[in-house]
Number of protein chains: 4
Amino acid sequence: MAERRFLNDLFGRMVSARRRLDKGVGRNASAIDLFDRLLGDAGEASGLMTAMLAMDRFDAADAKGKRQIFRDMAMRYGVDTDKLDAAIANWTSGDDSAARRIHFAAEPKSQELIRRLNRVPGATARLVAMRAQLLDAARDNPDLAGLDQDFQHLFTSWFNRGFLEIRQIDWSTPAAILEKIIAYEAVHEITGWDDLRQRVADPDRRLFAFFHPAMPSDPLIFVEVALTTAIPGAIAPIIATARDYVDPDEASVAVFYSISNCQRGLRGISFGNFLIKQVVSELQAELPRLKTFVTLSPVPGLRGWAASAPDDVLGDADRAAIASTTGPTPEHAAAIAARYLTKARRKQGTAFDSVAHFHLGNGAELYRVHASADLSANGMANAWGVMVNYLYDGDKIEANHQAYATEQKIVASARVRALATK
Amino acid sequence: MAERRFLNDLFGRMVSARRRLDKGVGRNASAIDLFDRLLGDAGEASGLMTAMLAMDRFDAADAKGKRQIFRDMAMRYGVDTDKLDAAIANWTSGDDSAARRIHFAAEPKSQELIRRLNRVPGATARLVAMRAQLLDAARDNPDLAGLDQDFQHLFTSWFNRGFLEIRQIDWSTPAAILEKIIAYEAVHEITGWDDLRQRVADPDRRLFAFFHPAMPSDPLIFVEVALTTAIPGAIAPIIATARDYVDPDEASVAVFYSISNCQRGLRGISFGNFLIKQVVSELQAELPRLKTFVTLSPVPGLRGWAASAPDDVLGDADRAAIASTTGPTPEHAAAIAARYLTKARRKQGTAFDSVAHFHLGNGAELYRVHASADLSANGMANAWGVMVNYLYDGDKIEANHQAYATEQKIVASARVRALATK
Amino acid sequence: MAERRFLNDLFGRMVSARRRLDKGVGRNASAIDLFDRLLGDAGEASGLMTAMLAMDRFDAADAKGKRQIFRDMAMRYGVDTDKLDAAIANWTSGDDSAARRIHFAAEPKSQELIRRLNRVPGATARLVAMRAQLLDAARDNPDLAGLDQDFQHLFTSWFNRGFLEIRQIDWSTPAAILEKIIAYEAVHEITGWDDLRQRVADPDRRLFAFFHPAMPSDPLIFVEVALTTAIPGAIAPIIATARDYVDPDEASVAVFYSISNCQRGLRGISFGNFLIKQVVSELQAELPRLKTFVTLSPVPGLRGWAASAPDDVLGDADRAAIASTTGPTPEHAAAIAARYLTKARRKQGTAFDSVAHFHLGNGAELYRVHASADLSANGMANAWGVMVNYLYDGDKIEANHQAYATEQKIVASARVRALATK
Amino acid sequence: MAERRFLNDLFGRMVSARRRLDKGVGRNASAIDLFDRLLGDAGEASGLMTAMLAMDRFDAADAKGKRQIFRDMAMRYGVDTDKLDAAIANWTSGDDSAARRIHFAAEPKSQELIRRLNRVPGATARLVAMRAQLLDAARDNPDLAGLDQDFQHLFTSWFNRGFLEIRQIDWSTPAAILEKIIAYEAVHEITGWDDLRQRVADPDRRLFAFFHPAMPSDPLIFVEVALTTAIPGAIAPIIATARDYVDPDEASVAVFYSISNCQRGLRGISFGNFLIKQVVSELQAELPRLKTFVTLSPVPGLRGWAASAPDDVLGDADRAAIASTTGPTPEHAAAIAARYLTKARRKQGTAFDSVAHFHLGNGAELYRVHASADLSANGMANAWGVMVNYLYDGDKIEANHQAYATEQKIVASARVRALATK
């Protein structure tokens, strides 16, 4: 309330300042002109207004215009060469004060620009959206990588875990947030308000999200949870519209069946690990009978990887089945998936599958591989319908994580290991 | 609520992880051991717990122990010399990518340490308190200046204006916050709850504060406002216990009679400018009849400066009066103050008086100088009882600020200029 | 939160009391047994639990069982004949103390029963639902009228205007409340969440509701408002899905285009008058440019009344048009409606049309009659598509209300009066 | 917020209505004139304003003027004799419909008046204050008893348990509420904010209160709780300023050491029973280790009763000690208290001591009698320093209550019974 009034009234009142600004650089000022002005003025007398106008200009530009603005930003707001030269000239290796002076001398001006833009209430969400567009623009323009680094660096600091708040999303949540949940669900589409209602308001369903205080209506990431009496082996029964409820007090298993990052502009800033662990804790506090915490996860990289059929992981029978017009049988697909998940690696030695990499890095165990678990078009196209449970066992998380972090050891259950050698 | 449970339950549950930690580095681990561990582990499986324990260790240390911890931090978590050497070796002046690589290579490890400590809910306030103690320790230890720079750098980013929220403090405010207002008032002491009550709950009084979302019960800065029918020339009638109220709808003047920074650990991060301007806007929205926004401010540097009697500003009569046992007459003191405020400069050319520098930098005008305005011990000791009004005139703020920022021009009313030459 | 825990924990703990209750009257106890017990015990040691179980029993009964419970209640919890006889015996006409004694002696026991049932948190909504079913049951059982009077008497006291709170319903409102708005809209159906969104979240639309603190998620009545630049003559443009917005700051007219009572169980307790007047006030505070406050209302009784073609209001041409297979032309229908609204009366002399009676009683003026204003099936079936504006003019409300209340004078604009005689 | 604006703006706007009201009955209208007007008008066009002005007039009157207003109200707004005569004339004993008609015919007009006054937001608190003054006035004017009955009847309905909300009062509670706790504490005076702080914010102290939604800043009743490791035998250690804390998780006993009714105007409407039982439940939910719930209560009636030395309860030695100049020894006083509490009765057979009657009626057991437990002036003057524990044992509450309610049986522990015969 106060914040909104601030924008309206403060600027409403500073009439002559605005008029002058509009007459001077204002009305015909480009976003870059306004950025210049914002950086140029050490004081902040009209800084908030300049920042607001600058972002208005940016938002009003079309895709091409925005790309140009990014290019200009990358050019103009890089590192101050003279200052850096001077700092390096005064430096002897090992002198920590001198090194720090270099650090600050080498700070790109774009970092200060982004910080100043953020001063206006509501700016954080706009800057996150700006970076989403920067990521698009940077795809075919490597010169923008530096600018993107600056955004990422600041966002990592601003979206520090200590600043986030967890909220349970349910049927008492404002519609303005719920409609974003519908829009952001990236794994198992929410088909509308009725579908949403059962995911947040059924007695055996939960949905938790992280928020940042400066973006109170915009979830950053959310996880959907089903309370069950057994570890599930397929997604359809969980998102079915007609189903019997489990009494939450009777449930022994909590299933994380969908995790969605909401803000493309926060790519590279990871919240999932923290969210899962806090949700485990929230659920244990509410329902002490819960004993098992597992995911029901897709295997997004399976078929893409299998197409190139690496020699060392798959056998001839595997390759033949993959090449056949009908593809492998469901059971065979599960065995191939087990081999893939336990053995396929990236150059750095980490798990090839991105979802596996995420959960193993968090300290989870590769626990079950299920055939015919996701018969949707996506599930078939990516992984012949295979899905996986990763197990979060509080007593082993630390050791699992260490094993994976230091030796890239993939901790898998005996059953999965057996399946991988079948 | 959720956050507190998080600490209790998540850590309560991760029993074996904690046991292992306690057995290993844990129980006998020093703060520095735990800092090492926190920085060493790329993953975060037990990171929150490590961070929490590390801060517990720090808080449990005595002043001497803390000083030692700071020294160790400064030594161990400086810039990585090898990385920096390598980055500089690969650098040609003017190559922006290479410069950015230097920037990130030269980032002191203490910055990442502080970011990781901040991940635990509630950590921000503890880090701010930690820096307050660092400032004490750094006073006689210049080697800690670099570490302090890192704290200040991160706090500047985290306490960005866009993240702050303004709140009006009144009699519906929780007692836990009100007692902090009593404790933090730095200018005109609040003598107890009755005194506080009139400053926040009288119909013609207002108190506004900035808060950071991660420190919801801890004000960062606050300003006290009196609504009056004329620009006041003394503080006593404003903080008197028995006085007639002004109907707020009849008031034409808002007087900022006290501004207090609350967090010593946030020294160097300035909020006052933003706060004053937003309060102007809040008050205008509530009470459209308000026409004049002024301060009633002390002149803290006057007598200290006058003691060294600079030739170019004061005349012989001034010096004689200052040197006399009785000091200057009130009227004479006001004239000396006017000379001081309009002419006394620091080396950089800015106003010598810190309060003057603050308001002039914000775009205010030096508007009135009052004799016998603050007869308290403090007021007499610092400024022979002189106080000053700085005027915030929305139409002139921008120009005043520019004049002061670019040419160090001190904008003063004709009356003050006349007084200065008397 | 506290309240929910209360039910769970208090009763959870009072194990032996509950066991005893279950063994004694409890498990096999009917609703009536439990009502008896609740009334019988002067103290309240187990009263909350008894009340809760009694309502559970009632809710678990089917429609027939509920009817029987109501009949039993009417029989058992009437007036105490002996007490009343005694009070009357001790009475002399004009003795006010004795009269009061009669009043309290004649209080039906069902009133105290309803008050005791209400002690359990959450009971108020259940009692309102109970009365909705009582109204159904009373339709063919006049013996239940007395019991219904008791409900209505208590509800009138409990739902006193002073206890209600107004809330603006918008897109930040919890979904649990929004879905009730969809369900309760009685005049112009809301077809789903998209339709709802525009009615509450479009910049030129508002929706306000009254709530009772004991039913915080259940609106009692709500009104939908369109902000426009002219008094509208048809409903379709207002509820159209694709339309241009009016800038609220440019709007001069607020149109109350739908008023819905939500709780059947509160029949006879009227909130509409208070709601409209408070909404006028809320809108004026938000948007000082609004000058005109009108309804766009249906004429629900027109064709039903016209079918019996009363001699004194309609002429031969009217009757012929009504009787023709095509019905009257739109313009003719409007003229008939004007005659109906200005002249058709109930026996008591009040306006025949229920909607007209409501607004005239509130002090509104019959301002415009529009042909072809509601072409929906309902609008045609009830009123040949005619709709009406009632004007709420703050300066005339009091006089209009007095004229209608004391002399049944229907205040209509010159234009409507002219139309009525055409 | 909305409510406050309502009063200002709606009435601000209804300028001409107000002018007319002021010119007509308004400006010179007495409270009674306005009451008449409020009752006379069936509609409510200007009803809210009339109600507000009427209460303003009442509040502006002095004590004598208020007494006169009450007398006028009692005279004018009694039962309508003609209506009642007619209803009785149409009545045959046993006809329930006719009896109900009598009930409604015999309703004093003051009830409807009070309901109409309550329509204005904020009126409930003013009506409660009005009744407090009525109780004063009624002390020497028995003719006001009927009017008071009407207030009490409506308040009983409005302040139904189902409408109340419990809140824990702590250091995050608004100061505006806390200062009322200080003012309302009736048993063991709170000497200021520091004393309050320890009662609400010490880790082993709790304070709970009931509120009504229409009086959100005004507690109705509150109870202070100490968490201890043993049943206490004296008040001083509990309210001591310097004392060691008990870890709440180690506490086994919850002591209700002070219960204060806050609103004199709600005399006769009892909340204490409900509050104690809900607090028991809240504490059990928070601290499952609590096993024992007792009071530490005064014996307010002891010495007053002892002065008349009833033959059948006290012996000669008792009487002699009471009559002696030094009074009984502490131990003797405790024995006398035990006799008093177990045997002294009122005419109806209930316990003579009001505090005993309250707790026994709630189902508590008279558990311990302590000598020298309250050495304050009050404690000595009322009960020679004796205090008492009443035990709330969930398993026995129901039976104890029944025994007291039906047979006036005072359930006391063996120890107290033994003491009584010593």
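Residues numbered from 1 in each chain as written. Chains lettered and ligands numbered in written order. Predicted model: local features only at pLDDT ≥ 70, side-chain atom pairs only at ≥ 80, totals over all residues. Heavy atoms only, no water.

Undergrad: Lay out the relation of the copies chain D and chain B with the relevant residues and their values.
TA: Expressed as a screw transformation, the operator carrying chain D onto chain B has a rotation angle of 180° and an axial translation of 0.0 Å, and the superposed copies differ by an RMSD of 0.1 Å. The transformation just described matches what one would write down for a two-fold rotation axis. Every residue of chain D has its C-alpha some distance from the rotation axis, and the shortest such distance is that of Pro174(D), at 2.0 Å. The share of interface residues of chain D whose copies in chain B are also at the interface is 100%, consistent with both copies meeting through the same surface. (Least-squares fit on C-alpha atoms with pLDDT ≥ 70 in both. Contact = heavy atoms within 4.5 Å.)

Undergrad: Now, about the domain arrangement of chain A: what can you tell me, with residues and values included?
TA: All names here are of chain A. Taken domain by domain, chain A consists of domain 1 (2–158) and domain 2 (162–420). Here the C-alpha centroids of domain 1 and domain 2 sit 38 Å apart. Facing the 12 residues of domain 1 at the interface are 11 residues of domain 2. A combined buried area of about 1000 Å² lies between domain 1 and domain 2, and 58% of that area is made up of carbon and sulfur atoms. Among the residues of domain 1 in contact with domain 2, Val-128, Leu-135 and Trp-158 are the three that bury the most area, contributing 38% of the side total. On the surface where domain 1 and domain 2 come into contact, there are 1 salt bridge. Salt-bridge contacts for Arg-264 lead to Asp-136; the nearest nitrogen and oxygen are separated by 2.9 Å. (Domains from an automatic or database assignment. Buried area = accessible area lost by both parts, 1.4 Å probe. Salt bridge = Lys/Arg side-chain N within 4 Å of Asp/Glu carboxyl O.)

Undergrad: So, helix H7 (residues 96–105) of chain D: which residues are in play, and what are the values?
TA: All of the buried residues in H7(D) are Ala98(D), Ala99(D), Arg100(D), Ile102(D), His103(D) and Ala105(D). For H7(D), the secondary structure elements touched by its buried residues are helix H6 (81–89), helix H7 (96–105), helix H8 (109–117) and helix H10 (145–158) of chain C together with helix H6 (81–89) of chain D. Two or three places before Ser97(D), at the opening of H7(D), Asp95(D) has a side-chain oxygen 3.0 Å from that residue's backbone nitrogen. (Buried < 20%, exposed > 50% of the residue type's maximum accessible area, 1.4 Å probe, protein only. Helix = DSSP H or I, 4+ residues; strand = E, 2+ residues; numbered from the N terminus. Polar contact = N/O pair within 3.5 Å; in protein donor to acceptor, adjacent residues only side chain to side chain.)

Undergrad: I'd like a rundown of the interface of chain D and chain B, residues and numbers included.
TA: The interface of chain D with chain B comprises 10 residues on the first partner and 10 residues on the second. Overall, the association of chain D and chain B removes approximately 820 Å² of surface from exposure, summing both partners, and the carbon and sulfur fraction of that is 59%. The largest share of the area that chain D buries against chain B comes from Trp171(D), Ala175(D) and Trp193(D), three residues that together contribute 53% of it. The tally of links between chain D and chain B comes to 2 salt bridges. Close ionic contact of Glu179(D) with Arg197(B) constitutes a salt bridge, the shortest N to O distance being 2.6 Å. Taken together, the connections running from chain D to chain B amount to 10 residue pairs in polar contact (both at pLDDT 80 or more). Listed by contribution, the elements that provide at least two residues to the side of chain D that touches chain B are helix H11 (175–184) and helix H12 (193–201) of chain D. Among the elements that take part in the side of chain D that touches chain B, H11(D) stands out by supplying 4 residues, more than any other. Among the residues making up the side of chain D that touches chain B, the classes are represented as 6 nonpolar, 2 polar and 2 charged. (Nonpolar A, V, L, I, M, F, W, Y, C, P; charged D, E, K, R; others polar.)

Undergrad: I'd like a description of the packing of aromatic side chains, backed by residues and values.
TA: Taken as a whole and judged by the stated rule, the model has 38 aromatic pairs over all chains. Aromatic pair Phe35(A) and Tyr77(A): ring centres 6.4 Å apart, planes at 70°, arrangement edge-to-face. Residue Phe35(A) is located in helix H3 (residues 31–40), and its partner Tyr77(A) is located in the loop between helix H5 (63–76) and helix H6 (81–89); the two are separated by 42 residues in the primary sequence. Across this residue pair, the class does not change: Phe35(A) and Tyr77(A) are buried. A centroid spacing of 6.0 Å and a plane angle of 40° characterise the contact between Phe155(C) and Trp158(C), whose relative ring orientation is tilted. Residue Phe155(C) and its partner Trp158(C) are both found in helix H10; the two are separated by 3 residues, about one turn of the helix. An identical accessibility class is assigned to Phe155(C) and Trp158(C); each is buried. Members of the aromatic cluster, each reached through a chain of ring pairs, are Phe151(A), Phe155(A), Trp158(A), Phe159(A) and Phe163(B). Arg346(C) extends its terminal NZ or CZ atom over the ring of Phe352(C), reaching a point 4.4 Å from the ring centre. (Phe/Tyr/Trp six-rings, centres within 6.5 Å; stacked < 30°, edge-to-face > 60°. Lys NZ or Arg CZ within 6 Å of the ring centre and 35° of its normal.)

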